[in-house]
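Remarks on the overall topology
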Amino acid sequence: MQGGIRDSRSYTVFRAINAALIVVICFVTLYPFLNVVAQAFSSEAYIRSGQVNLIPQGFNVTTFSYVMGDPLFWRNYGNTVVYTVVATAIAMVLTTTFAYALSKRHLKGRAFFIGVAVFTMFFNGGLIPNYILINTLGFKNTIWAIVIPNAISVFNLLVMKAFFENFPTDLEEAAAIDGLTTYGILWKIVLPLSKAVIATMVLFYAVSFWNSWFAAFLYMDDAQLYPVTVYLRNLLAAATGTEALGAGSGSGDSAQVASNVKAVTMLLTVLPIICLYPFIQKYFVSGVMLGSVKQ
């Protein structure tokens, strides 16, 4: 035997079983998504007959052309990008600063502020009082109706608070001795070593705001201000209604749109997040405190 220790038979069997299970789990996870992609590019007849599985049948892009050819779609898509970027930025600033403050055990009133945050996880004002509040504040038909009410997720807040509580105090004390203020320590010491949790929170917030539609549906009357999720929701409702009225029995673009509009809307909604994930994935598996001082 040359060049190292040979794996035992039991470990080899374990690796084989583990690899097989991973392959099965990956297939089970990817199958629904691949089926949606196949339906999005398939023609009406094959979809209605149930012949579409993992490969598109009767390749067709009529629904994509119908949706993406509408100027309102691109206007709403741009709105979604703006809403998501602004809302995520504000949410990250508020969540990070609040969590960092709550992580300091010497903070006066710390238990009270934690209690207030946790209280909001279980109780809220209700739909009608919230609508009246947004309308009274003048937020209706503005971006702030989407951004402000959901600016802080208590779950994300508690996750970041727990992370900051485990941050090495030696680094902060050394920075304080060097003359950094609290904000300087947070900006120059803590945040650069917190890329993993920050990336995770950014992804959580971005996905939440990107997929959000009810707030815009409730607080906005102008179709030009809708996010793309509301546009696709209205399109889906219209196509479903058309199909229910019997349009699917005839031929034409309306029947094609009604047949695979669900798959197209799901694909158009999830695609940007799928493109974003590879750029953030590395932070999930990297060492959070790699190279820092350990206590």
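Everything numeric here is computed off the predicted structure, so don't read it as measured data.

Rules used in this analysis
Residues numbered from 1 in each chain as written. Predicted model: local features only at pLDDT ≥ 70, side-chain atom pairs only at ≥ 80, totals over all residues. Heavy atoms only, no water. Helix = DSSP H or I, 4+ residues; strand = E, 2+ residues; numbered from the N terminus. Buried < 20%, exposed > 50% of the residue type's maximum accessible area, 1.4 Å probe, protein only. Contact = heavy atoms within 4.5 Å. Areas by Shrake-Rupley, 256 points an atom, 1.4 Å probe, with all protein chains shown as cover. pLDDT = per-residue confidence, 0-100. Salt bridge = Lys/Arg side-chain N within 4 Å of Asp/Glu carboxyl O. Phe/Tyr/Trp six-rings, centres within 6.5 Å; stacked < 30°, edge-to-face > 60°. Expected span 1.5 Å × (residues − 1). Core = buried A, V, L, I, M, F, W, Y, C linked by side-chain atoms within 4.5 Å. Axes fitted to C-alpha atoms, helices over the stretch in contact; angles between N-to-C directions. Parallel < 35°, antiparallel > 145°, perpendicular 65-115°, else oblique. Left-handed = near helix turned anticlockwise from the far one by under 90°. Nonpolar A, V, L, I, M, F, W, Y, C, P; charged D, E, K, R; others polar. Arc of directions from axis to C-beta. Patch = residues over 30% accessible without salt bridge, like charges linked within 9 Å, V, L, I, M, F, W, Y side chains within 5 Å.

A few points about the overall build of the chain
- Helices and strands together make up the secondary structure of the chain, namely 14 helices and 0 strands.
- Taken across its 295 residues, the chain has 34% of its residues classed as buried.
- Long-range contacts, defined here as pairs at least 24 residues apart, represent 72% of the contacts in the chain between residues at least 6 apart.
- Accessible area of the chain: about 17,700 Å², with a carbon and sulfur share of 67%.

Topic: the confidence of the model for the chain
- Residue-level pLDDT values for the chain average 82, and 88% of them are 70 or greater.
- The secondary structure element of the chain with the lowest average pLDDT is helix 13 (residues 228-244), at 74, and the one with the highest is helix 4 (residues 71-102), at 91.
- Across residues 287-295, where pLDDT falls below 50, the model places 17 contacts with residues more than four positions away in sequence or in other chains.

Structural notes on the pattern of salt bridges
- This structure, assessed with the given rule, holds 5 salt bridges.
- Between arginine 110 and glutamate 165 there is a salt bridge; the shortest N-O distance is 2.5 Å. Separated by 55 residues along the polypeptide, arginine 110 in helix 5 (residues 110-122) and glutamate 165 in helix 8 (residues 154-165) bring together distant segments of the chain.
- A relative accessible area of 15% places arginine 110 in the buried class.

Considerations on the packing of aromatic side chains
- Throughout the structure, instances matching the rule amount to 17 aromatic pairs.
- Relative to tyrosine 77, the ring of tryptophan 74 lies with its centre 6.2 Å away and its plane at 45 degrees, an arrangement referred to as tilted. With tryptophan 74 and tyrosine 77 both in helix 4, this residue pair falls 3 residues apart, about one helical turn.
- Among the residues examined, tyrosine 77 registers a relative accessible area of 15% and is labelled buried.

With respect to helix 8
- Here helix 8 is 12 residues long and its end C-alpha atoms lie 16 Å apart, about the 16 Å a rise of 1.5 Å per residue gives.
- Of all the residues in helix 8, the buried ones are Val154, Asn156, Leu157, Met160, Lys161, Phe163 and Phe164.
- Among the structural elements, helix 4, helix 5, helix 10 (182-190) and helix 11 (195-211) are those in contact with the buried residues of helix 8.

Digging into the nonpolar core
- Tyr100, Met160, Phe164, Val190 and Met220 are the most contacted members of the largest nonpolar core, which has 32 residues in total.
- Looking at this core element by element, the count peaks at 7 residues for helix 4.
- What methionine 220 contacts, discounting residues up to four positions off in sequence, is Tyr83, Asn141, Thr142, Ile143, Ile146, Ala215, Leu225 and Tyr226.
- Formed by 18 residues, the second largest nonpolar core is a distinct cluster that contains Val36, Tyr77, Leu232 and Leu267.

Thoughts on the packing of helix 4 against helix 8
- Orientation of helix 4 relative to helix 8, taken along the N-to-C sense of each, is 50 degrees, at an axis distance of 8 Å. Between helix 4 and helix 8, the angle falls in the class oblique. Relative to helix 8, helix 4 is oriented so that their crossing is right-handed. Here Thr95, Thr96, Phe98, Ala99, Tyr100 and Leu102 of helix 4 lie close against helix 8, whose contacting residues are Asn156, Leu157, Met160, Lys161, Phe164 and Glu165.
- The residue inventory of the contact of helix 4 with helix 8, partitioned by class, reads 7 nonpolar, 3 polar and 2 charged.

Points about helix 9 (residues 169-177)
- Buried within helix 9 are the following residues: Leu171, Glu172 and Ala175. The buried residues of helix 9 occupy an angular sector of 95 degrees when the element is viewed end-on, so they sit on one face.
- Looking at the buried residues of helix 9, the elements they touch are helix 4 and helix 10.
- Positive phi shows up at glycine 179, right after helix 9, with a value of about 105 degrees.

Here's the deal with a nonpolar patch on the surface
- Where nonpolar side chains cluster on the molecular surface, the patch consists of Val24, Phe27, Val28, Leu30, Tyr31, Phe33, Leu34, Leu54, Ile55, Val270, Leu271 and Ile274 and spans about 1,000 Å² of accessible area.
- If you list the elements that add at least two residues to the nonpolar patch, you get helix 1 (9-40) and helix 14 (253-285).
- Tallying contributions element by element places helix 1 first for the nonpolar patch, with 7 residues.
- Counting through the fold element by element, leucine 54 comes out in the loop between helix 2 (44-48) and helix 3 (62-68).

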